[in-house]
Each structure stands twice: as structure tokens, then as C-alpha cells.
Amino acid sequence: MPIYSVVAVKDLVIFPGVIAPVFISRQDSVKALQDAAFNNDTLVFVTAQKKNNTSSSSDIGADLYRYGTLCKILQSIRLPDGALKVILEGCWRSCVSDFYLNDGILKAEAKRVNSQENILTKEAEALCREIRSEFETYAALNHRMPDEVIKSIEDIQVPGIFADIVASHSTFDFKLKQGLLEEVNVIERLEKLLSILL
């Protein structure tokens, strides 16, 4: 199973197909990014912390979700306070079988998780239509959301990608987003997303 450096983030879920700027201040995540750059690794495993604290536990990775996203590092800039600003591109849903430390760097054995039923059936098409309508209403009420966000979802024909893009642009709690990331059945993911938007 492939091994990746682990980047833990607070209150954030990065979905496949999304490019996101992320500020990294957690030292083990900064080390993981530096290790990936040093080893010319283009992918890191990005996952959310379960809690906002970074207290250590005897169980390595206990404070991290096992589902995350394999992300490509597009850009990394060191800030004056030692933190990093990175631009990450979400590539694949992934699940960790094991976290461990290697020379003080948190690593994960992770495998890609493929979406199930990721074709545009009549049921998926109907759900996408309903979600698009609800998301337009949601965006209209959220005055900070640019019009380009609505336009960006109009032409997406793959239901799983559609659900991921809509979820990534929504401002609901990261735990709800984490639940959507962990849902590999696309019809169920669309149904969950619709119930959150309603």
C-alpha cells in the first residue's frame, strides 16, 4: 500500500477536484510538507483533525479522521511566523489503514477510494437538479459567494464531482463535509448533500 506524508488541518475538508489555499501552522504538518518537498513527493494525505487541540496520544493519528484526500502540492510559501501557505489540489478520496511516525514525520498507508454508482442515471440527474436549485438559493442568501461559483457547477456531468464541488463551496460545518467525503456511494452522497442544503 502506498505511503504518504500526513497534513492535518483544522475545521477543513478538501474534496477531490478542488484547488484550495491552506495555512499550515501545526508543526508536524509543516514537517510533513517539507519532507514531501525534500523527497520530491507530489502527493500528501490531507485529513481533518477530530478536535481543535493537538494533545499527543499514545495512539498515533487518534485525533485524525481516517478518510481524507490525496492532494497535489501546487505551491508552498513560508510565512514570517514559520507557518506555510500551500495551494493544494484535491486528487482522490483516500482511506488510511495505518498511521505511524517515520523520523518524526507522520506518515500514512492510504489507498484511493473509488466512488460507487458515479454515472448520470435518471435518479442522479434528478438529485443534481434539486441540489442545483437549492444551492442557487443558498448562494443567493450568502452574499459573499461569487456568481462564478454557481456557473462553475452548471456544466458538471459527473454526479460525484458535482456533489464534491457543491459541498466544497458550501459553508456548513466541516463535520458534515467530512461525512460527505466518507460517503463513497454517489447516490447516497447526493441525498445527504440535498438534506443538508434543505
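As a reminder, the structure under discussion sits directly above these lines.
> What am I meant to see in the packing of aromatic side chains here?
We describe a pair of aromatic rings using the distance from one ring centre to the other and the angle between the two ring planes. What the rule picks out here adds up to 2 aromatic pairs. On the numbers, 6.4 Å between centres and 80 degrees between planes, the contact of Y65 with F174 is edge-to-face. One end of the pair, Y65, is in the loop between β3 (43–48) and β4 (67–78); the other, F174, is in helix α5 (residues 174–182), and 109 residues separate them in sequence. Taking the relative accessible area as the measure of exposure, Y65 reaches 16% and is therefore buried. By relative accessible area, F174 is classed as buried at 9%.

> Mind showing me how you'd approach the pattern of salt bridges here?
Should the charged atoms of two oppositely charged side chains come close, the side chains can pair. Under the criterion given, the structure shown has 6 salt bridges. Here D63 ties to R26 by a salt bridge, and the two come within 3.4 Å at their closest N and O atoms. One end of the pair, D63, is in the loop between β3 and β4; the other, R26, is in the loop between β2 (19–24) and α1 (27–38), with 37 residues separating them in the sequence. Both residues of the pair, D63 and R26, count as buried. Note that R189 is salt-bridged to D164, the shortest N-O span being 3.3 Å. Note that R189 is positioned in helix α6 (residues 186–197) and D164 in helix α4 (residues 159–169), a separation of 25 residues in sequence.

> What exactly am I supposed to notice about the side chain of R26 here?
A relative accessible area of 14% means that R26 is categorised as buried. Of the polar contacts made by the side chain of R26, one reaches the side chain of D63; its length is 3.4 Å.

> Teacher, can you tell me more about the packing of helix α2 (residues 122–141) against α4 here?
Two packed helices can be described by the angle between their axes and the distance between those axes. The N-to-C vectors of α2 and α4 enclose an angle of 20 degrees; their axes lie 11 Å apart at closest approach. By the angle between their directions, the pair α2 and α4 is classed as roughly parallel. Viewed along their axes, α2 and α4 form a crossing whose handedness is left-handed. Note on element contacts: α4 touches α2 through P159, F162, V166 and H169, opposite A124, C128, I131, R132 and F135.

> Help me out: how do you make sense of α6 in this one?
Think of an α-helix as turning once every 3.6 residues; residues three or four places apart then point the same way. Along its 12 residues, α6 runs 16 Å from first to last C-alpha, staying within 8% of the 16 Å computed at 1.5 Å per residue. Taken residue by residue, α6 has V186, I187, R189, L190, L193, L194 and L197 as its buried positions. All buried residues of α6 lie within an arc of 160 degrees about the axis, which places them on one face of the element. N-capping of α6 is provided by N185, with a side-chain oxygen placed 3.1 Å from the backbone N of I187.

> Would you take a moment to explain the packing of α2 against α6 for this structure?
Here α2 crosses α6 at 25 degrees, and the two axes come no closer than 10 Å. With respect to each other, α2 and α6 are oriented roughly parallel. Crossing of α2 against α6: the hand is left-handed. Contact residues: E123, A124, L127, C128, E130, I131, E134, F135 and Y138 in α2; I187, L190, E191, L193, L194 and L197 in α6. Per-class residue counts for the contact of α2 with α6 are 11 nonpolar, no polar and 4 charged.

Rules of the game
All residue numbers refer to position in the chain's written sequence, counted from 1. Local features in a predicted model are, by the rule used here, given only for residues with pLDDT of at least 70; side-chain atom pairs are given and counted only at 80 or more, and totals for whole chains, interfaces and linings are based on all residues. Note: side-chain values were computed over all heavy atoms of the structure, leaving out hydrogens and water. Each aromatic pair joins two rings of Phe, Tyr and Trp (for Trp, the six-membered one) with centres within 6.5 Å, and gets the label stacked for planes under 30 degrees apart, edge-to-face for over 60, and tilted for any other angle. Each helix is a run of H or I in the DSSP string that is no shorter than four residues. Each strand is a run of E no shorter than two, and both are numbered from the N terminus. Buried, partly exposed and exposed residues are distinguished by accessible area as a fraction of the type maximum, computed with a 1.4 Å probe on protein chains only: under 20%, between the cut-offs, and over 50%, respectively. One speaks of a salt bridge when a side-chain nitrogen belonging to Lys or Arg is within 4 Å of a carboxyl oxygen belonging to Asp or Glu. Pairs of N or O atoms are called polar contacts if they sit within 3.5 Å, as long as, within protein, a hydrogen donor faces a hydrogen acceptor (for residues adjacent in sequence, only side-chain-to-side-chain pairs). Between N-to-C directions, angles span 0 to 180 degrees; the directions come from axes that are lines fitted to C-alpha atoms, helices contributing only their stretch in contact. The labels follow the angle: roughly parallel below 35 degrees, roughly antiparallel above 145, roughly perpendicular from 65 to 115, and oblique for the rest. In this scheme the handedness of a crossing depends on how the near helix is turned from the far one: anticlockwise by less than a right angle means left-handed, clockwise means right-handed. We call two residues in contact when some of their heavy atoms are within 4.5 Å. Each helix should span, by expectation, one fewer than its residue count multiplied by 1.5 Å. Along the arc lie the directions from the helix axis toward the C-beta atoms. Polarity classes work like this: nonpolar for Ala, Val, Leu, Ile, Met, Phe, Trp, Tyr, Cys and Pro, charged for Asp, Glu, Lys and Arg, and polar for all others, with Gly in that last group.

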